[in-house]
Amino acid sequence: MDSEASTPLTTPTYNPGDVGWVLVSTALVWLMIPGVGYFYSGMARRKNALSLIMCCVLSLVVVSVQWFIFGFSLTFSKTSTPFLGNLDNAFLRGVLNEPSMGSSAIPDLVFCIFQCMFAALTPALAIGSAAERARILPMIIFIFIWTTVVYDPVAFWVWNTNGWSFKMGGLDFAGGTPVHITSGFASLAYAIVLGRREGHDHKKEEFKPHNMSNVVLGTALLWFGWFGFNGGSALAGNLRAAMACVVTNLAASVGAITWVAIDYRIEHKFSALGFCSGAVAGLVAITPAAGFVGPAPAVAIGFLGACACNLAVHLKQYLNYDDVADVFAVHGVGGYIGSILTGVFAEAYIPALDGATEIPGGWMNQHWVQVGHQFADATAGAAWAFVVTYIILFIMNRIPGLSLRVNREAELKGLDAAEIGEMAYYHVDKIVGVNQSTGEEKVMQQEVEGYPFEAQAQGTMGSQRPLNNESLNNV
């Protein structure tokens with residue numbers, strides 16, 4: 001027998017606890033995607049509720065396929081230019097048990113599926129501004145293209161060891177620029193290209209969130225999943241991951257309190273929507289900083305992030321764009337503020353908790369240039385996301401069959417009925433006649449979600465006879 005064939009393959013050994021933690025974190029980030037759907041569903045009107053949940057889970061499946069084909073390779077190939085990876089790992093070739101680019105503590109395959117959830121979540125966030133008026137088929141195509149030309153390059157810049165931002169020294173622990181800034185500024189472009197919703201200018205009372213329970217449920221799923229989003233980004237079950245979880249929860253709590261307090265000052269009500277918006281704003285702002293700051297800076301980041309996002313919500317009134325779920329205000333502005341504050345509050349001892357990472361720190365360690373690095377990273381990500389997204393949508397909107405917006409009739413009917421053919425809620429109003437002699441009940445007319453359905457009544461009542469008090473009494 002050939003001596004080479006008899007030589008056993010050497011497999012790197014990994015700590016099962018580290019691998020297990022990252023796999024659990026993968027599941028937690030997966031849960032955030034339907035969480036976004038429920039959050040957006042509650043923010044929209046009832047007739048569009050199901051379509052938003054559907055769009056978010058469509059993002060999951062479309063990006064998962066894109067990630068398998070070439071997304072992971074473009075983002076994390078180990079040989080590349082400073083701007084984008086190559087196709088060495090297309091179709092996940094060679095992605096198995098070698099130490100990953102993110103951390104030598106986990107293999108490539110585990111890192112790949114963990115990062116796939118980040119990629120799938122990002123366009124799900126971005127499409128929130130297009131709610132109630134965007135066609136689903138062009139949106140699916142947009143998600144695939146956008147992930148390839150916006151998310152993958154920006155994630156490469158920030159997280160690939162060959163990326164220009166990584167080499168410059170930019171700090172982004174869990175996706176302030178690749179996830180939140182790109183999705184926020186892409187949502188702004190989407191809202192501008194689509195235009196305002198039908199009737200939004202003169203019927204604002206009809207456009208309030210229809211189901212705050214869904215918004216609270218979505219917030220709970222997001223907050224729960226964010227422990228994997230930030231804590232899992234340590235890529236090991238260590239003290240740095242624990243600190244990331246602590247500061248994540250703290251920033252979200254401070255953000256929620258801050259937003260509720262701001263709204264209470266104006267309305268004198270404890271707003272559930274304010275609570276949810278503030279919690280998410282705090283989570284967004286702490287994301288780039290989670291593995292670089294301690295608890296005290298997390299309080300400041302949660303507070304400043306919530307204040308900045310609250311102010312940004314009012315921008316749409318002055319800039320005249322229609323962002324249904326305030327994606328730009330919360331994710332775009334919140335991610336940008338969080339990235340800058342990372343340069344202010346980063347401390348060298350926090351990343352060192354994993355026993356391997358060394359950074360010069362931020363202003364807390366008198367490393368003054370770090371804010372400049374953060375500004376360059378965040379601004380480049382924002383500009384790339386907005387400009388490229390606008391170009392993609394502008395071109396798609398002029399291709400026959402790929403027009404982005406539904407027609408007026410479909411918009412007034414609601415996307416649940418027009419695009420999906422199913423409703424989130426079926427409220428049935430019936431007119432029932434009772435035969436006084438036999439007690440038999442007959443459905444004379446029923447209406448489902450505003451669409452009349454004439455029942456075929458039997459016996460003395462013809463189906464074409466008009467319904468009135470006399471005819472009902474006769475039955």
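Anything mentioned here points back to the structure above.
Parameters and conventions
- Each residue is numbered by its place in its chain's sequence as written, counting from 1.
- Per-residue local features are limited, in this predicted model, to residues with pLDDT of at least 70; the limit for side-chain atom pairs, both in listing and counting, is 80 or more; totals at the level of whole chains, interfaces and linings are taken over all residues.
- Only hydrogens and water are removed before side-chain values are computed, so all heavy atoms of the structure are retained for them.
- Secondary structure counts use DSSP, requiring at least four H or I residues in a row for a helix and at least two E residues in a row for a strand, with both numbered from the N terminus.
- For each residue, the accessible area found with a 1.4 Å probe, counting protein chains only, is set against the maximum for its type, and the residue is called buried under 20%, exposed over 50%, and partly exposed in between.
- Should any heavy atoms of two residues lie within 4.5 Å, those residues are counted as being in contact.
- Space inside and on the surface of the protein is sampled on a 1 Å grid over the protein atoms alone, with a cavity defined as a set of points where a 1.4 Å probe fits but cannot get out and a pocket as an open set with protein on both sides within 12 Å along at least 5 of 7 lines; lining residues have an atom within 4 Å of a point.
- Grid points are joined across faces, edges and corners, and a volume is the space filled by probe spheres set on the points.
- Gly is put with the polar residues, along with every residue not named as nonpolar or charged; the nonpolar set is Ala, Val, Leu, Ile, Met, Phe, Trp, Tyr, Cys and Pro, and the charged set is Asp, Glu, Lys and Arg.
- Only Phe, Tyr and Trp rings are paired, with Trp represented by its six-membered ring, and only when their centres lie within 6.5 Å; those with planes under 30 degrees apart are stacked, over 60 edge-to-face, the remainder tilted.
- Should the NZ of a Lys or the CZ of an Arg lie within 6 Å of a ring centre and within 35 degrees of the ring normal, that charge is described as sitting over the ring.
- Whenever a helix is involved, its axis is fitted only over the stretch in contact; in every case the axis is a line through C-alpha atoms, and angles between N-to-C directions fall within 0 to 180 degrees.
- Note that the term roughly parallel is reserved for angles under 35 degrees, roughly antiparallel for angles over 145, roughly perpendicular for angles of 65 to 115, and oblique for everything else.
- Should the near helix be turned anticlockwise from the far one by less than a right angle, the crossing is left-handed, and should it be turned clockwise, the crossing is right-handed.
- Salt bridges are counted wherever a side-chain nitrogen of Lys or Arg sits within 4 Å of a carboxyl oxygen of Asp or Glu.

Undergrad: Teacher, can you tell me more about the environment of A290 here?
TA: Here A290 lies in the loop between α10 (272-286) and α11 (295-313). The class for A290 is buried, based on a relative accessible area of 0%. With 61 residues separating them along the chain, A290 and P351 place their C-alpha atoms 9.6 Å apart. Contact partners of A290, with chain neighbours within four places excluded, come to F173, N230, A244, V247 and T248.

Undergrad: Explanation requested: empty space enclosed by the protein in the structure shown.
TA: Over the atoms a probe the size of a water molecule is rolled, and this reveals where empty space is left. Scanning all chains against the criterion turns up one cavity of 30 Å³ or more. Put simply, the largest cavity is a space of about 50 Å³. Lining the largest cavity are S51, L52, C55, I127, A130, A131, E132, A134, M139 and L415. Counting residues per element, the lining of the largest cavity draws most heavily on helix α3 (residues 49-76), which supplies three residues. In terms of residue class, the lining of the largest cavity is made up of eight nonpolar, one polar and one charged.

Undergrad: I keep staring at the packing of aromatic side chains and nothing clicks. Help me out?
TA: Any aromatic ring pair is given by two values, namely how distant the centres are and how the planes are angled relative to each other. Enumeration according to the criterion identifies 22 aromatic pairs in this entry. Measuring from ring centre to ring centre gives 5.6 Å for W157 and W164, while their planes differ by 50°; the resulting arrangement is tilted. Classification of W157 by relative accessible area gives buried; the value is 8%. What makes W164 partly exposed here is its relative accessible area of 22%. When the ring of F173 is compared with that of F292, the centres are 5.9 Å apart and the planes differ by 80°; the resulting orientation is edge-to-face. Placement of F173 in the loop between α6 (164-168) and α7 (176-194) and of F292 in the loop between α10 and α11 is noted, with a sequence separation of 119 residues between them. Judged by its relative accessible area of 6%, F292 is buried. Of note, R240 hangs over the ring of F292, and the distance from its end group to the ring centre comes to 5.2 Å. Cation over ring: R398 sits above F394, and NZ or CZ is 4.0 Å from the ring centre.

Undergrad: Honestly, the packing of helix α2 (residues 16-43) against helix α4 (residues 108-126) in this entry has me stumped. Any pointers?
TA: Geometrically, a packed helix pair is captured by the angle between its two axes and the distance between the axes. Two numbers describe how α2 lies on α4: the axes approach to 9 Å, and their chain directions differ by 10°. One way to sum up the angle between α2 and α4 is to call them roughly parallel. As α2 runs across α4, the sense of the crossing is left-handed. Together, V19, V22, L23, S25, T26, V29, W30, M32, I33, V36 and Y40 of α2 and V110, I113, F114, M117, F118, A120, L121, A124 and L125 of α4 make up the contact between the two elements.

Undergrad: Please clarify how the pattern of salt bridges should be interpreted in this entry.
TA: Once the charged atoms of two side chains with opposite charge are near each other, the side chains can pair. Scanning the entire structure with this criterion turns up seven salt bridges. Its salt-bridge partner being E132, residue R197 comes within 3.0 Å of it at the nearest N-O pair. Residue R197 is found in the loop between α7 and α8 (212-231), and its partner E132 is found in the loop between α4 and α5 (136-159); the two are separated by 65 residues along the sequence. Across the pair D354 and R240 runs a salt bridge, and its minimum N-O distance is 3.1 Å. In this pair, D354 sits in the loop between α13 (327-345) and α14 (370-396) while R240 sits in helix α9 (residues 239-267), placing the two residues 114 residues apart along the sequence. When its relative accessible area of 22% is taken as the criterion, D354 is described as partly exposed. Among the residues examined, R240 registers a relative accessible area of 7% and is labelled buried. Here the salt bridges do not stand alone but share partners, grouping R45, E132, R197 and D322 into one network.

Undergrad: Just to check I follow, could you spell out the side chain of S100 for this structure?
TA: Here S100 is to be found in the loop between α3 and α4. Among all residues touching S100, those that are not within four sequence positions of it are I106, P107, D108 and F111.

Undergrad: Whenever I open this one, the packing of α10 against α13 confuses me. Can you help?
TA: Contact geometry for α10 and α13: axes closest at 7 Å, N-to-C directions at 40°. Between α10 and α13, the angle is such that the two are oblique. Pair α10 / α13 crosses with right-handed handedness. Counting all contacts with α10, which are made through V280, A281, V284 and A285, the residues of α13 involved are V330, H331, G334, G335 and G338. Class assignment of the residues belonging to the contact of α10 with α13 gives a composition of five nonpolar, four polar and no charged.

Undergrad: Just checking my understanding: could you explain the layout of surface pockets for this structure?
TA: Quantified by volume, the largest pocket comes out at close to 1,300 Å³. Lining the largest pocket are 44 residues, with P209, L273, V313, K316 and D326 positioned closest to its centre. Of all the secondary structure elements, the ones that give two or more residues to the lining of the largest pocket are α2, α4, α8, α9, α10, α11, α12 (315-319) and α13. Of the residues that constitute the lining of the largest pocket, the class distribution is 23 nonpolar, nine polar and 12 charged. Per-element accounting of the lining of the second largest pocket gives the leading share, four residues, to α4. When grouped by side-chain class, the residues that make up the lining of the second largest pocket number 19 nonpolar, 13 polar and four charged.

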